[in-house]
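Now for the letters of each chain:
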Amino acid sequence: MRRSGGDLWLKIVVMAAMLTCAVCRDPVRHLVGGNDRWKPNVNYTDWSLQQVFYVGDWLYFVYDKYLFNVLEVNETSYENCSDQGFIFNITRGAGRDVFELTQPKRYYFLSSGGYCYNGMKVAIDVVEFVPAPLPSPPKSGSYMIKGINPLVLLIAIVVWAVSAHKG
């Protein structure tokens, strides 16, 4: 039974996607404050400095929905614990809210109602994910392969797909 040309292209596209994702990373959901969660009298600066936040990651705020909220604010509002003119109200009413980190920048969050003065604020530095560099080429005369070159792998996949298509 002869295979259609669509099967060949499907294989190529799937394999190319797999190669592309070889340098991807899954987003991480960071529980803000760790086991302490989002509440007064927690040092969120210490917590945030122990994390690495990448574009695409999520912040997960868990808190008492009857007492607290979460607002994204600018740096001045963060420093002054002001909820006036906030950028975005993350609070959705359940006390379990998520926020996607979509840009490489510094984000600022606080809880209004005076709780910011009791430590309920956090600044998050978000960076782009940069995959580890490819290993350096082997020294002259050595014959050890440390990794598979993605281009070589792609060519092998295409050759396999074409030969499977003919057969």
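Residues numbered from 1 in each chain as written. Predicted model: local features only at pLDDT ≥ 70, side-chain atom pairs only at ≥ 80, totals over all residues. Heavy atoms only, no water.

Any chance you could explain the sheet that holds strand 3 (residues 58-62) here in plain terms?
In any sheet, the strands associate via hydrogen bonds between backbone groups, in a parallel or an antiparallel arrangement. Read across the open sheet, the three strands follow the order 1-3-6; overall the sheet is mixed. With one partner strand each, in any of the chains shown, strand 1 (29-31) and strand 6 (96-100) form the two edges of the open sheet. Across the sheet, the mean angle separating the axes of adjacent strands is 25° when strand polarity is ignored. Relative to strand 6, strand 3 is paired through five bridges, and the arrangement is antiparallel. Bridge pairing links Phe61 to Asp97 in strand 6. (Pairing = 2+ DSSP bridges. Helix = DSSP H or I, 4+ residues; strand = E, 2+ residues; numbered from the N terminus. Axes fitted to C-alpha atoms, helices over the stretch in contact; angles between N-to-C directions.)

Help me out: how do you make sense of unusual backbone geometry in this one?
Across residues other than glycine, the phi torsion is negative in most instances, and most of the peptide bonds are trans. The backbone of Arg37 sits at a positive phi, close to 60°, despite the residue not being glycine. One non-glycine residue with positive phi stands out, namely Cys81, at about 55°.

Would you take a moment to explain the environment of Ile87 for this structure?
Among the secondary structure elements, Ile87 is positioned in the loop between helix 3 (75-80) and strand 5 (88-89). Along the backbone, Ile87 and Tyr108 are 21 residues apart, and their C-alpha atoms lie at a distance of 9.6 Å. Beyond its immediate stretch of four places on either side in the chain, Ile87 contacts Glu72, Val73 and Asn74. (Contact = heavy atoms within 4.5 Å.)

Sorry if this is basic, but what is going on with the pairing of strand 7 (residues 106-110) here?
Where a strand is regular, its side chains alternate between the two sheet faces. Within strand 7, four of the five residues are buried, leaving the element largely enclosed by the surrounding structure. In terms of strand pairing, strand 7 meets strand 8 (residues 121-127) through five bridges, oriented antiparallel. Within strand 8, the residue paired with Arg106 across the bridge is Asp125. (Buried < 20%, exposed > 50% of the residue type's maximum accessible area, 1.4 Å probe, protein only.)

Teacher, can you tell me more about the state of the cysteines here?
Covalent bonding between the sulfur atoms of two cysteines defines a disulfide. Summed over the entire model, instances satisfying the criterion amount to one disulfide. The disulfide that involves Cys81 links it to Cys116, with 2.1 Å between the sulfurs. Here Cys81 and Cys116 share a disulfide; its torsion about the S-S bond, -70°, makes the bridge left-handed. Taken together, the residues Cys81 in the loop between helix 3 and strand 5 and Cys116 in the loop between strand 7 and strand 8 connect sequence positions 35 residues apart. In terms of burial, Cys81 and Cys116 fall into one category: buried. (Disulfide = S-S within 2.5 Å.)

Can you help me understand the pairing of strand 3 in this one?
Most of strand 3 sits out of view: four of its five residues are buried. With three bridges joining them, strand 1 and strand 3 adopt parallel strand pairing. Counted as the bridge partner of Leu31 is Tyr60 from strand 3.

Honestly, the nonpolar core in this entry has me stumped. Any pointers?
Nonpolar side chains in soluble globular proteins generally cluster together in the buried interior. Among the nonpolar cores identified, the biggest contains 20 residues, and Trp38, Leu59, Phe61, Leu101, Phe109 and Ile124 are the most heavily contacted of them. For this core, the secondary structure elements donating two or more residues are helix 2 (44-49), strand 3, strand 7 and strand 8. At three residues, strand 8 tops the list of elements feeding residues into this core. Grouped together as the second largest cluster of nonpolar side chains are eight residues, Leu71, Val73, Cys81 and Leu110 included. (Core = buried A, V, L, I, M, F, W, Y, C linked by side-chain atoms within 4.5 Å.)

When you look at the packing of aromatic side chains in this model, what are you seeing that I'm missing?
The geometry of an aromatic ring pair is captured by the separation of the ring centres together with the interplanar angle, meaning the angle of the planes. According to the stated counting rule, one finds eleven aromatic pairs in the structure shown. Pairing Phe99 with Tyr107 gives two aromatic rings, centres 5.6 Å apart and planes at 75°, and the pair type is edge-to-face. Overall, the relative accessible area of 11% leaves Phe99 in the buried class. Assessed through its relative accessible area of 3%, Tyr107 is described here as buried. Look at Tyr107 and Phe109: their rings are 6.2 Å apart centre to centre, the planes differ by 10°, and that puts the pair in the stacked class. (Phe/Tyr/Trp six-rings, centres within 6.5 Å; stacked < 30°, edge-to-face > 60°.)

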